[in-house]
Amino acid sequence: MLQNIAILGCGLIGSSWATWFALQGQKTRLYDVDQTACERGVKRAGENLRRLVDLDMLAAEDLQSALQNLQPVKTLQELLSDCDYVQESVREDYDTKAEVYRAIEQHLSPQAIIASSSSGLLMSKMQEVLKHPSRSLIAHPFNPPHLIPLVELVPGKKTSADTVTTVREFFLRFGKRPVVLNKEVPGHIANRLAAAVWREALALLDDDVASLEDIDAALCNGPGLRWALMGQHAIYDLGGGEGGYQAFIDGIGRSFTSYWEDMQTWTRIPESAREKAIAGIEPLRKKCPPEERAQWRDEKLVRLLKLLDE
Ligand SMILES: NC(=O)c1ccc[n+]([C@@H]2O[C@H](COP(=O)([O-])OP(=O)(O)OC[C@H]3O[C@@H](n4cnc5c(N)ncnc54)[C@H](O)[C@@H]3O)[C@@H](O)[C@H]2O)c1
């Protein structure tokens, strides 16, 4: 049973994870190497919880106990004593993760689980510095983790099957949608899919095929609507009519070759695409500041999640 949760790193993702764990009734300690970041993270998690009351995701009478579940601490020792599960959300680079992993093992019981939020690093490499690597894995959320159900579980070479099962069951019990990767790849599943779409969105902009606004509109008014309901394989199974996925692959699927042949395969963003993207997003930023848009997104996400839950 994972009861005492440690949030290590209280930035964007750590504070959102803290919101989610506190919402589930878990005692959630928060620590950041930067004291101000920790205070900011606790404040943000509190604001998230209050907003969840407005969004009917948390009963008003349960707000105080959820807020009390957020327990900021000032040392790693306080964070990790009696801890069952660490959700690590520090900066995305191997050196920082290695430094943190070396430090936490000095205070952590060998049974406690270490889960990394890493968006695309390999667990096998991160767990090299651990004395007890079998209890470590990646539990990658999607932003914001307190709302989006997906968690990608990625074992490293030394992760035990028990660790994966325990974490998977834990997330399932609290309504998350964990997926388990059979092998490690940079970017896991969801960020690789996002990377493929993003490259093409940048390439279309760079090639002046359409405006940034229209490229985004094409995505969220078309495929994006279906993606909330089913994945690409299931969508094209319907696209094949009575013949199903096989008919799609052998029929219209063949014409995709001419699209793929015409598409970019670059692995670094060209300067021209970078400039057009930054300039192209400006009108939207002026019309509606990011903070307002994030609130709007969260409110709609909650309504969508409720609908999907019916
Ligand atoms: N931003 C996203 O959309 C997103 C989505 C999913 C996963 N992630 C992953 O989550 C992790 C954190 O990303 P973020 O966007 O929250 O970053 P962030 O920069 O907002 O927060 C990182 C926090 O880690 C703290 N930190 C750095 N070194 C530390 C140390 N030694 N000990 C304790 N705290 C330390 C920093 O002070 C900072 O507050 C990364 O691995 C990232 O890949 C990010």
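Predicted model, so just to flag it, every value in this text is computed and none were measured.

(A) Expanded view of the pattern of salt bridges. Summed over all chains, the structure comprises eleven salt bridges. One salt bridge connects Glu 47 with Lys 43, and the closest N-O pair in it is separated by 3.4 Å. Separated by four residues within a single helix, Glu 47 and Lys 43 lie in helix H2 (residues 35–54), roughly one turn from each other. Judged by relative accessible area, Glu 47 falls into the partly exposed class, the value being 34%. A relative accessible area of 56% places Lys 43 in the exposed class. Its salt-bridge partner being Glu 88, residue Lys 97 comes within 2.6 Å of it at the nearest N-O pair. Here the salt bridges do not stand alone but share partners, grouping Glu 88, Glu 92 and Lys 97 into one network.

(B) Region of interest: the domain arrangement of the protein chain. As assigned here, the protein chain comprises domain 1 (4–180) and domain 2 (190–309). Computed over C-alpha atoms only, the centres of domain 1 and domain 2 are separated by 29 Å. Contacts between the two partners involve 14 residues from domain 1 and, on the opposite side, eleven residues from domain 2. Buried area between domain 1 and domain 2, summed over both chains or domains, comes out near 1,000 Å², and the portion from carbon and sulfur atoms is 64%. Connecting domain 1 to domain 2 are zero salt bridges. Across the contact surface, domain 1 and domain 2 share three residue pairs in polar contact (both at pLDDT 80 or more). The residue makeup of the side of domain 1 that touches domain 2, split by class, is eight nonpolar, three polar and three charged.

(C) Molecular detail of the packing of aromatic side chains. For the structure shown, the criterion picks out 17 aromatic pairs. For the pair Phe 170 and Phe 174, a centre-to-centre distance of 5.3 Å together with 70° between the ring planes defines the contact as edge-to-face. A relative accessible area of 1% means that Phe 170 is categorised as buried. Judged by centre distance (6.1 Å) and plane angle (75°), the rings of Phe 248 and Phe 256 are edge-to-face. With a relative accessible area of 17%, Phe 256 lands in the buried category. Within the aromatic cluster, the residues linked to one another by ring pairs are Trp 17, Trp 20, Phe 21, Tyr 85, Phe 170, Phe 171 and Phe 174. Lying across the ring of Tyr 94, Lys 125 places its NZ or CZ 4.2 Å from the centre.

(D) Quick look at the packing of helix H8 (residues 190–206) against helix H9 (residues 212–221). One can describe the packing of H8 onto H9 by two numbers: an axis separation of 9 Å at closest approach and a directional angle of 145°. Note that H8 runs across H9; the crossing there is right-handed. Taking contact as the criterion, the partners of Val 197, Ala 201, Leu 204 and Leu 205 in H8 are, on H9, Leu 212, Ile 215 and Leu 219. Considered class by class, the residues forming the contact of H8 with H9 number seven nonpolar, no polar and no charged.

(E) The state of the cysteines, seen in detail. Applying the stated criterion to the full structure yields zero disulfides. Looking at the unpaired Cys 10, the closest cysteine sulfur is the one in Cys 38, lying at 4.1 Å. Take Cys 10: its relative accessible area is 1%, and that puts it in the buried class. We note that Cys 288 lacks a disulfide partner, and the nearest cysteine sulfur, in Cys 220, lies 14 Å from it.

(F) Spotlight on the UniProt feature "site: Important for catalytic activity" (unreviewed entry) in the protein chain. In the numbering adopted here, UniProt assigns the feature "site: Important for catalytic activity" (unreviewed entry) to His 140. Secondary-structure assignment places His 140 in strand E6 (residues 136–141). For His 140, a relative accessible area of 3% translates into the label buried. With near-sequence residues (within four places) excluded, His 140 lies in contact with Ser 116, Ser 117, Ser 118, Ser 119, Leu 150, Val 151, Glu 152, His 188 and Asn 191.

Thresholds, definitions, all that
- Residues numbered from 1 in each chain as written.
- Predicted model: local features only at pLDDT ≥ 70, side-chain atom pairs only at ≥ 80, totals over all residues.
- Heavy atoms only, no water.
- Salt bridge = Lys/Arg side-chain N within 4 Å of Asp/Glu carboxyl O.
- Helix = DSSP H or I, 4+ residues; strand = E, 2+ residues; numbered from the N terminus.
- Buried < 20%, exposed > 50% of the residue type's maximum accessible area, 1.4 Å probe, protein only.
- Domains from an automatic or database assignment.
- Contact = heavy atoms within 4.5 Å.
- Buried area = accessible area lost by both parts, 1.4 Å probe.
- Polar contact = N/O pair within 3.5 Å; in protein donor to acceptor, adjacent residues only side chain to side chain.
- Nonpolar A, V, L, I, M, F, W, Y, C, P; charged D, E, K, R; others polar.
- Phe/Tyr/Trp six-rings, centres within 6.5 Å; stacked < 30°, edge-to-face > 60°.
- Lys NZ or Arg CZ within 6 Å of the ring centre and 35° of its normal.
- Axes fitted to C-alpha atoms, helices over the stretch in contact; angles between N-to-C directions.
- Left-handed = near helix turned anticlockwise from the far one by under 90°.
- Disulfide = S-S within 2.5 Å.
- UniProt positions renumbered as here; feature names shortened; annotations may be inferred.

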